[in-house]
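These are the residues of each chain, in order.
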Amino acid sequence: MNQVFTAGQYMGFVFAQIANWLFLYLIITKNTMKIGTYRYLMISYAIFSIVYSIIEVISLPIIFSKGPAFYICVGSFLKYNRNLGIPLAKNFEVDSFRIAYTSLLYYSYDMFGNIQIRWSEWIGVFLVFLIMAFSILTMIIFGIKIFTKMKGASFLSPKTKDLNRQLFRALVFQSIIPIVLMILPVSILFTFPMFSLGIGKYANIPCLSAALYPGIEASVNIFIIRDFRRILMCTKRSRTFHLSTTAYSGVQRLSA
């Protein structure tokens, strides 16, 4: 199972590099839309995703969940020797006596069986949930404001309105994708140990989804924005020819 997650992380890295470099190429060299300074924001998205995927594959995080705790360690060449406990060799062929890791433990039991709640862990997780909730709320508020502004912009030309709709759809998916692939899995990862529900190796699902996220986001943007999609699929823009009144009258006179 560990090999499956590791292979998925490497595949996510390759996918992210191809998709984001292609997205960056289309923005810089094949930008047929008049999107103005918004292109710089799109460029920043692509660059961030490229760097993020590199960091992800360099670190190759490994997560293991058991009872009211989970552990995160580095699975790549960056792991180093430290005299730490809780060996994970049985599940991931990683000896935690020899590598550094970080962990979260919500509560434990003393020698008499009394529960000892670790309030510092709960406060830290609460702050993490607060940050995620604030991110979602921010996206919802500004998404509604943008939609309302677009709906009331009757002075814009049909071409500009169509472009704004494409970019708005791209922003919507850019908001939904991290919620589904990152915020939701991480929330589950933090929540299950609260009820002593260890999910073992499956705690690595957030790592896998986080590795796939940059490539999926770039691919969705490419296929939502019509000009980029046409370039990628080698399809030409449809042309509509309008016959003017003068030309039509001339044709009538010639036929008479």
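Residues numbered from 1 in each chain as written. Predicted model: local features only at pLDDT ≥ 70, side-chain atom pairs only at ≥ 80, totals over all residues. Heavy atoms only, no water.

Engineer: For this particular structure, what's the right way to read the packing of aromatic side chains?
Structural biologist: In total, this model carries 8 aromatic pairs according to the counting rule given. Look at Tyr52 and Tyr213: their rings are 6.4 Å apart centre to centre, the planes differ by 85°, and that puts the pair in the edge-to-face class. On the criterion of sequence distance, the pair formed by Tyr52 in helix H2 (residues 38–59) and Tyr213 in helix H6 (residues 205–224) is long-range, its members being 161 residues apart. Accessibility expressed as a relative area gives 11% for Tyr213, which makes it buried. (Phe/Tyr/Trp six-rings, centres within 6.5 Å; stacked < 30°, edge-to-face > 60°. Helix = DSSP H or I, 4+ residues; strand = E, 2+ residues; numbered from the N terminus. Buried < 20%, exposed > 50% of the residue type's maximum accessible area, 1.4 Å probe, protein only.)

Engineer: Can you help me understand the confidence of the model for the protein chain in this one?
Structural biologist: Any residue range with low pLDDT should be treated as having predicted coordinates unsuitable for detailed reading. The pLDDT averaged across the protein chain works out to 81; a share of 80% of its residues lies at or above 70. Note that pLDDT drops below 50 for residues 81–87; the model gives that stretch 23 contacts with residues more than four away or on any other chain. Residue range residues 239–256 is modelled with pLDDT below 50. Its contacts to residues more than four positions away, or to other chains, number 1 contact. (pLDDT = per-residue confidence, 0-100. Contact = heavy atoms within 4.5 Å.)

Engineer: Even after reading the chapter, I still don't get the side chain of Ser59, so can you show me in this structure?
Structural biologist: By secondary structure assignment, the location of Ser59 is in helix H2. A distance of 3.0 Å separates the side chain of Ser59 from the backbone oxygen of Ile55, its partner in a polar contact. In this structure the side chain of Ser59 is engaged in a polar contact, spanning 3.2 Å, whose partner is the backbone oxygen of Glu56. Among residues more than four places away in sequence, those in contact with Ser59 are Val74, Gly75 and Ser76. (Polar contact = N/O pair within 3.5 Å; in protein donor to acceptor, adjacent residues only side chain to side chain.)

Engineer: Honestly, a nonpolar patch on the surface in this entry has me stumped. Any pointers?
Structural biologist: Residues Tyr109, Ile115, Ile117, Trp119, Ile123, Phe126, Leu127 and Leu130 make up a contiguous nonpolar surface patch of roughly 880 Å² in combined accessible area. Among the secondary structure elements, those contributing two or more residues to the nonpolar patch are strand E5 (115–117) and helix H4 (119–151). With 5 residues, H4 is the single largest residue contributor to the nonpolar patch. Positionally, Tyr109 belongs in strand E4 (residues 107–109). (Patch = residues over 30% accessible without salt bridge, like charges linked within 9 Å, V, L, I, M, F, W, Y side chains within 5 Å. Areas by Shrake-Rupley, 256 points an atom, 1.4 Å probe, with all protein chains shown as cover. Salt bridge = Lys/Arg side-chain N within 4 Å of Asp/Glu carboxyl O.)

Engineer: Sorry if this is basic, but what is going on with the pattern of salt bridges here?
Structural biologist: Side chains that carry opposite charge are capable of pairing whenever their charged atoms lie near each other. In this structure the tally under the stated criterion is 2 salt bridges. Here Arg118 makes a salt bridge to Glu121, at a shortest N to O gap of 3.6 Å. Residue Arg118 is classed as partly exposed on the basis of its relative accessible area, which comes to 35%.

Engineer: Explain the packing of helix H5 (residues 158–191) against H6 here, please?
Structural biologist: To characterise two packed helices, one gives the angle between the axes of the helices and the distance between these axes. Packing of H5 against H6 brings their axes to within 10 Å, and their N-to-C directions diverge by 170°. Considering the angle they form, H5 stands roughly antiparallel to H6. Contacts from Gln166, Arg169, Ala170, Phe173, Gln174, Ile177, Pro178, Leu181, Met182, Pro185, Val186 and Leu189 in H5 reach Pro206, Ser209, Ala210, Tyr213, Ile216, Glu217, Val220, Asn221 and Ile224 in H6. Tallied by class, residues from the contact of H5 with H6 come to 15 nonpolar, 4 polar and 2 charged. (Axes fitted to C-alpha atoms, helices over the stretch in contact; angles between N-to-C directions. Parallel < 35°, antiparallel > 145°, perpendicular 65-115°, else oblique. Nonpolar A, V, L, I, M, F, W, Y, C, P; charged D, E, K, R; others polar.)

Engineer: Got a minute to help me understand the layout of surface pockets in this structure?
Structural biologist: Within this model, the largest pocket holds a volume of roughly 430 Å³. What lines the largest pocket is a set of 19 residues, among which Phe48, Pro178, Met182, Tyr213 and Glu217 lie closest to the centre. Elements with a contribution of two residues or more to the lining of the largest pocket: H2, H4, H5 and H6. (1 Å grid on protein atoms, 1.4 Å probe; cavity = no way out; pocket = protein on both sides within 12 Å on 5 of 7 lines; lining within 4 Å. Points joined across faces, edges and corners; volume = space filled by probe spheres on them.)

Engineer: Which parts of the structure should I look at to understand the packing of H2 against H5?
Structural biologist: At their nearest, the axes of H2 and H5 sit 13 Å apart, and the two run at 25° to each other. In terms of their interaxial angle, H2 and H5 are classed as roughly parallel. When you trace H2 past H5, the crossing you get is left-handed. From H2, Tyr38, Tyr45 and Tyr52 reach across to H5, where they touch Leu167, Leu171, Gln174 and Met182. Along the lines of polarity and charge, the residues of the contact of H2 with H5 split into 6 nonpolar, 1 polar and no charged. (Left-handed = near helix turned anticlockwise from the far one by under 90°.)

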